[in-house]
Amino acid sequence: LEADGLFGGGSRVLEAALELERQVLGAEYFRARKIFTNVEFFLPVILHILGFDPDFFAVIAMVPKIAEWLAHWQENLDDPAGRIARPRQVYVGEMARRYVPLEERGEAKA
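Residues numbered from 1 in each chain as written. Predicted model: local features only at pLDDT ≥ 70, side-chain atom pairs only at ≥ 80, totals over all residues. Heavy atoms only, no water.

Participant: Give a description of the overall build of the protein chain that names residues and reports values.
Facilitator: A count of helices and strands for the protein chain gives 4 helices and 0 strands. Along the protein chain, helices (α) and strands (β) appear in the sequence α-α-α-α when read from the amino end. Residue burial in the protein chain is summarised as follows: out of 110 residues, 11% are buried. Put simply, of all contacts in the protein chain between residues at least 6 apart along the chain, 30% involve residues at least 24 apart. Summed over all atoms, the accessible surface of the protein chain reaches about 9,700 Å², with 60% contributed by carbon and sulfur. (Helix = DSSP H or I, 4+ residues; strand = E, 2+ residues; numbered from the N terminus. Buried < 20%, exposed > 50% of the residue type's maximum accessible area, 1.4 Å probe, protein only. Contact = heavy atoms within 4.5 Å. Areas by Shrake-Rupley, 256 points an atom, 1.4 Å probe, with all protein chains shown as cover.)

Participant: Tell me about the pattern of salt bridges, residues and numbers included.
Facilitator: Evaluation of the coordinates by the stated rule reveals 4 salt bridges. The partner of Lys 65 in a salt bridge is Glu 40, and the shortest N-O contact between them spans 2.7 Å. Of this pair, Lys 65 sits in helix H4 (residues 57-78) while Glu 40 sits in helix H3 (residues 39-49), and the two are 25 residues apart along the sequence. You can call Lys 65 partly exposed: its relative accessible area is 24%. Assessed through its relative accessible area of 47%, Glu 40 is described here as partly exposed. A cluster of three or more residues bridged by salt bridges with shared partners is formed by Glu 40, Lys 65 and Glu 68. (Salt bridge = Lys/Arg side-chain N within 4 Å of Asp/Glu carboxyl O.)

Written out as structure tokens, the structure reads:
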């Protein structure tokens, strides 16, 4: 996908988003963790290109999310065995840890 010629001309916002995506896809940190951009990354760009006021971006993004949450809730109500519900996440790490100032910390592990 190239920004030139899209929607009748280049978009600086789209160009910036595409470059950020290239950087993410090229970074070992993100590739190793299988972290990729998704439709939610590009939604504000699309809304900007379509001319929506940025004040409405969050509201527009929430409309399909609300439908998704309601559908999930309805599925849970319809399944008495509870097989559809997502598994519970239980933290099993250390309960208390000493704060280490940033300058005293070692290099992050990949």
